[in-house]
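Overview (structure and organization)
If you want the building blocks of each chain, they are given just below.
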Amino acid sequence: MANITCFIGTVYGGAEALAEQLESIAQSKGHGFELYNPGNVADFVSSDVILVVTSTTGQGDIPFELESLYLALKSEFPLISDKPFAVIAMGDSSYGETYCGAGRKFRELLIELQGNEVLDLLKVDASEHFDPLPVAAPWFNSLLETLDK
């Protein structure tokens with residue numbers, strides 16, 4: 001079973017609530033799951049599997065707490081060679097080009113750090129889905145199945 005480390009970027013608590021729900025799913029299937037809000041570079045590097053769950057703020061920006069981790073990772077640039085990762089980006093498509101910008105930025109950084117994206121970026125559109133769990137749960141179950149292989 002996988003040990004997943006989840007790094008959260010939240011503004012009003014939606015990403016954190018979703019991450020907590022995913023934690024329950026993971027644990028019910030025998031996977032380890034640890035939440036960080038936001039965590040640091042050492043937490044990040046020591047992770048077996050990285051999951052980023054983040055909302056987007058401002059003009060496609062990363063929420064303040066998670067931005068500190070993002071900037072530290074960009075500065076220290078620790079290679080995570082082939083470490084499995086996945087990203088859930090939450091946003092509102094009515095914002096156009098900045099839609100899910102925080103998740104897209106984090107995904108790009110993880111690719112630059114040479115991580116292994118095991119499942120495509122999930123974009124959860126708040127203008128269509130008030131509750132992100134019905135969209136995220138099937139995707140997360142696919143992630144768990146992929147990690148079990």
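All values derive from a computational prediction rather than experimental measurement. (Residues numbered from 1 in each chain as written. Predicted model: local features only at pLDDT ≥ 70, side-chain atom pairs only at ≥ 80, totals over all residues. Heavy atoms only, no water.)

1. A word on the pairing of strand E4 (residues 84-91)
In the case of a regular strand, side chains alternate between the two sheet surfaces. The condition that has to hold: Here the term buried applies to any residue with accessible area under 20% of the maximum for its type, exposed to any over 50%, and partly exposed to those in between, with areas from a 1.4 Å probe on protein chains only. The secondary structure listing takes helices from DSSP runs of H or I that are at least 4 residues long and strands from runs of E that are at least 2 residues long, numbered from the N terminus. At least two bridges found by DSSP between two strands are what make those strands a pair. Handedness of a crossover: with both strands directed away from the viewer, a clockwise path from the first strand across the helix to the second marks it as right-handed.
With 8 of its 8 residues buried, E4 lies for the most part within the structure. Where burial is concerned, the two faces of E4 agree: the one with Pro84, Ala86, Ile88 and Met90 and the one with Phe85, Val87, Ala89 and Gly91 are both buried. When strand E3 (residues 49-54) meets E4, the two strands line up parallel, connected through 5 bridges. What sits directly across from Ile50, in E4, is Phe85. Handedness of the crossover is the feature at issue here: the chain leaves E3, passes through helix H3 (residues 64-76), returns alongside E4, and the resulting connection is right-handed. Of the strand pairs in this sheet, E4 and strand E5 (residues 116-117) are connected by 2 bridges, and their pairing is parallel. Looking at E5, one finds that Phe85 is bridged to Glu117.

2. Remarks on the nonpolar core
Here is the rule we go by: Buried Ala, Val, Leu, Ile, Met, Phe, Trp, Tyr and Cys residues form a nonpolar core when they are joined through side-chain atoms within 4.5 Å.
Ranked by internal contacts, the top residues of the largest apolar core, which has 28 residues, are Leu51, Ile88 and Phe140. When contributions to this core are tallied by element, the ones reaching two or more residues are strand E1 (3-9), helix H1 (14-28), E3, E4, strand E6 (122-125) and helix H5 (133-148). No other element matches H5, which puts 7 residues into this core. Counting 18 residues, the second-largest nonpolar core is a separate cluster that includes Phe44, Ile50, Tyr70 and Ile80.

3. Describing the packing of aromatic side chains
Heads up, the rule is: Planes of paired rings set the category: under 30 degrees apart is stacked, over 60 is edge-to-face and the rest tilted, where pairs are Phe, Tyr or Trp rings (Trp by its six-membered ring) whose centres lie within 6.5 Å.
Going through the model one piece at a time under the given rule, you end up with 4 aromatic pairs. Both rings, one in Phe7 and one in Tyr36, keep their centres 5.5 Å apart while their planes meet at 20 degrees; by these two values the pair is stacked. Of this pair, Phe7 sits in strand E1 while Tyr36 sits in strand E2 (residues 32-36), and the two are 29 residues apart along the sequence. Taken together, a centroid distance of 5.2 Å and an interplanar angle of 45 degrees make the contact between Phe7 and Phe44 tilted. Placement of the pair is Phe7 in strand E1 and Phe44 in helix H2 (residues 41-45), with a sequence separation of 37 residues. Just as Phe7 is buried, Phe44 falls in that class too. Aromatic rings pair up to connect Phe7, Tyr36 and Phe44 into one cluster.

Geometric descriptors of this kind do not, in isolation, establish any biological role.
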